[in-house]
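Letter by letter, the chains look like this.
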Amino acid sequence: MLVSVILTLILISIFNTSNEVHSLNILGVFPYQGKSHFYVFEPYLKELARRGHNLTVISYFPQKEPLKNYHDISLAGKSIIFEGIVPFQKQSLLTNMLTSLGVSYVAIDNCNIMMDDEEVQDLWKRKMKFDVAVVEQFNGDCALGLAHILNTPVVGLTSHLLMPYHYDRYGISYNPSYIPFLLLDGSTKSTLMQRLSHTISHIYMKLIYQYLTQRYEYKIISKYVDNIPSLEELGRNIKFLLLYNNMMLTGSNILPANVIEVGGYHVSKPQPLRDDLLKFIEESEHGVIYVSFGSMLRTATMPKDKMQAILDALAELPQRVVWKWEAKSLPGKPKNIFISKWLPQNDLLAHPNVVAFYSHCGMLGTTEALYHGVPLVGMPMFADQFRNAAAMEESGFGVTVKLENLTKDNLLEKFKMVLDPKFRENVKLLSKAWHDRPKSAMDTAIHWTEFAAKYPTLTFRSPAADVPLYQYLCLDIIFILSTIPITIIYIVVVLYKTYFKSKSKQKSNEKKDKNM
Ligand SMILES: *[C@@H]1O[C@H](CO)[C@@H](O)[C@H](O)[C@H]1NC(C)=O
């Protein structure tokens, strides 16, 4: 009797441990105050807590209501939150270069604020133990320094595609002939001029990162702890990068085994719409176009003539329009437009009557549109919106229009293209394929996070990250291979020449002989 009870207990414990991950102590490090970034990470962090892991999250966005297993170390109030700060203006190589400097400045500031925080310092003073740290990979590597101090394996997260300085550390091949630049216009089939400016920007941003961002962050971290390895080296030890992308958006990429595409995990189950909005949408005869330029752009800075062109185009369409508009009123607002300062974007896009989305192509909105199969008219304005817009157009999710070329007529034409039933049908098909994965984006993200904690000694960095540059570019091979034929040609030429010389000597000798 007793034996069988013990046997059963042993069996239960074996089956229990075989596949289960015990509650992990997870540290989230998000020293950057961009709200749109945290909107992506938050559902993942909450889901980790919901699944029983113990979360400690450093960020500017503490939970408003206490959440089980979720502990905030709040940096709120220590820096301004970025919202509605970007004006509508044309971006160029130059503005992009200035923005990169700004982003570096912000990273250094972020690092100072985080390392100076007493609650953060308590983590190492009290020798807290974590199984894994999940850290944002965006504008800096301060979080890696902190994770190193706490001796914790790291999983990186992005809310966008790869930044230029992230290719090397994961050993991802960067080739501007077909890889577009995240922050500039251009698809996988860029023009020569585009490829040239992509290459210059890529190198420039890497230099800024190495010589400004990482250098100053290193100095800041060194104020608190001695002898940390270089931040780039710590970057190379990241276990997994959970990249906010999906092949349906950007097509095939060459990614190492430890860079995992998890685009889409932030999209939650749609909630019912509020009454006035629902009524407006349900009573539309020809469907609804949703317009939003996100949280960062200041709609009021839109040039007047462009604004008029948009209003005229929308007024001419039979569809109704729901527009996220920050100002109180919209002068000259056509009858078919519903404006509101805040709109539940995901719930709106989920409504079957919403037939198109006029968007700046931020990663959140673009992802939600793909998720619900709503075609996009993209008008990218800054940051990664150019890349997102080019990718979604290339993949058939929508079309793009540039602010500088925008007129009433070409905007109408773009809307006609995406409202065409054939186009919409294809977007629905692409959206279906987007959902068709062996594991949901959330399950995938959580799986590899738990994996990193379970096997902290395993790293799957691509060997490309460890190879010296000349070898990576095969310069040594090219050198040797090109020397062999050059040497052979040289020898042949020399032999030929000496042969001819001796021949002509012989001839001239013969001549001399004859003349004599
Ligand atoms: C969970 O995290 C909190 C604070 O971040 C810590 O105080 C607590 O001890 C942790 N709980 C467990 C069970 O490790």
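By the naming in an unreviewed UniProt entry, the protein chain is UDP-glucuronosyltransferase 2B18-like, taken from Papilio xuthus.

**Points about the packing of aromatic side chains**
A complete count under the given rule lists 23 aromatic pairs for this structure. Summarising the aromatic geometry, the rings of Phe240 and Phe460 are spaced 6.3 Å apart at their centres and angled 35° between planes, so their arrangement reads as tilted. One end of the pair, Phe240, is in strand S6 (residues 240-243); the other, Phe460, is in the loop between helix H17 (441-454) and helix H18 (469-472), and 220 residues separate them in sequence. Owing to a relative accessible area of 3%, Phe240 belongs among the buried residues under this scheme. Look at Phe460 and you get partly exposed, because its relative accessible area is 36%. Plain terms: the ring middles of Tyr496 and Phe500 are 5.0 Å apart, the flat faces sit at 55° to each other, and that makes the pair tilted. With Tyr496 and Phe500 both in helix H19 (residues 475-515) and 4 residues apart, this pair spans about one turn of that helix. The class of Phe500 is partly exposed, set by a relative accessible area of 45%. Among the aromatic residues, ring-to-ring pairing joins Phe240, Trp448, Phe451, Tyr455 and Phe460 into one connected group. If you follow Arg320 out to its NZ or CZ, it ends over the ring of Phe280, 4.7 Å from the centre. Note that Arg437 overlies the ring of Trp434, its terminal NZ or CZ placed 4.6 Å from the centroid.

**A look at empty space enclosed by the protein**
Using the criterion set out here, one finds 3 cavities of 30 Å³ or more in the structure. In this model, the largest cavity occupies a volume close to 90 Å³. As for the largest cavity, its lining consists of 13 residues, of which Pro31, Tyr32, Asn139, Gly140 and Asp141 are closest to the centre. Sorting the residues of the lining of the largest cavity by element identifies helix H3 (93-116) and helix H5 (142-149) as the ones contributing at least two each. In terms of residues, the lining of the largest cavity owes the most to one element, H3, which gives 3 residues. Of the residues belonging to the lining of the largest cavity, the class tally is 7 nonpolar, 3 polar and 3 charged. Every residue lining the second largest cavity is listed: Ser100, Val103, Ser104, Asn139, Tyr165, Met205, Ile208, Tyr209 and Thr213. Put simply, the parts of the chain that give the lining of the second largest cavity at least two residues each are H3 and helix H7 (192-222). Looking at the lining of the second largest cavity element by element, the count peaks at 4 residues for H7. Looking at the lining of the second largest cavity residue by residue, the class counts come to 5 nonpolar, 4 polar and no charged.

**Structural notes on the environment of His435**
Assignment of secondary structure puts His435 in helix H16 (residues 421-435). Linking His435 and Met248, residues 187 residues apart in sequence, is a C-alpha distance of 9.6 Å. In terms of polar contacts, His435 uses its side chain to reach the backbone carbonyl oxygen of Tyr371, at 2.7 Å.

**Details of the packing of H3 against H5**
At a minimum axis distance of 9 Å, the contact between H3 and H5 shows a crossing angle of 30°. By the angle between their axes, H3 is roughly parallel relative to H5. Across the interface between the two elements, Cys111, Met114 and Met115 of H3 pack against Cys142, Ala143, Leu146 and Ile149 of H5. Considered class by class, the residues forming the contact of H3 with H5 number 7 nonpolar, no polar and no charged.

**Let's talk about the pattern of salt bridges**
Under the defined criterion, the tally for this structure stands at 15 salt bridges. As a salt-bridge pair, Asp141 and Arg169 come within 2.5 Å of each other at their nearest N and O atoms. Residue Asp141 is found in the loop between strand S4 (132-136) and H5, and its partner Arg169 is found in helix H6 (residues 166-170); the two are separated by 28 residues along the sequence. Exposure remark for Asp141: the relative accessible area of 0% places this residue in the buried category. For Arg169, a relative accessible area of 1% corresponds to the buried category. Ionic pairing is found between Lys189 and Glu394, a salt bridge with its closest N-O pair at 3.1 Å. One end of the pair, Lys189, is in the loop between H6 and H7; the other, Glu394, is in helix H14 (residues 385-395), and 205 residues separate them in sequence. The exposure class of Lys189 is exposed, given its relative accessible area of 68%.

**Some points on the site of the ligand**
Around the ligand lies a shell formed by Asn25, Asn54, Thr56 and His71. Contacts to the ligand include Asn25, whose side-chain N or O atom sits 3.0 Å from an oxygen atom. Interatomic distance of 2.5 Å between a side-chain N/O atom of Asn54 and an oxygen atom of the ligand. Residues of the shell around the ligand, tallied by class, amount to no nonpolar, 4 polar and no charged.

Definitions and cut-offs
- Residues numbered from 1 in each chain as written.
- Predicted model: local features only at pLDDT ≥ 70, side-chain atom pairs only at ≥ 80, totals over all residues.
- Heavy atoms only, no water.
- Phe/Tyr/Trp six-rings, centres within 6.5 Å; stacked < 30°, edge-to-face > 60°.
- Helix = DSSP H or I, 4+ residues; strand = E, 2+ residues; numbered from the N terminus.
- Buried < 20%, exposed > 50% of the residue type's maximum accessible area, 1.4 Å probe, protein only.
- Lys NZ or Arg CZ within 6 Å of the ring centre and 35° of its normal.
- 1 Å grid on protein atoms, 1.4 Å probe; cavity = no way out; pocket = protein on both sides within 12 Å on 5 of 7 lines; lining within 4 Å.
- Points joined across faces, edges and corners; volume = space filled by probe spheres on them.
- Nonpolar A, V, L, I, M, F, W, Y, C, P; charged D, E, K, R; others polar.
- Polar contact = N/O pair within 3.5 Å; in protein donor to acceptor, adjacent residues only side chain to side chain.
- Axes fitted to C-alpha atoms, helices over the stretch in contact; angles between N-to-C directions.
- Parallel < 35°, antiparallel > 145°, perpendicular 65-115°, else oblique.
- Contact = heavy atoms within 4.5 Å.
- Salt bridge = Lys/Arg side-chain N within 4 Å of Asp/Glu carboxyl O.
- Near = heavy atom within 4 Å.

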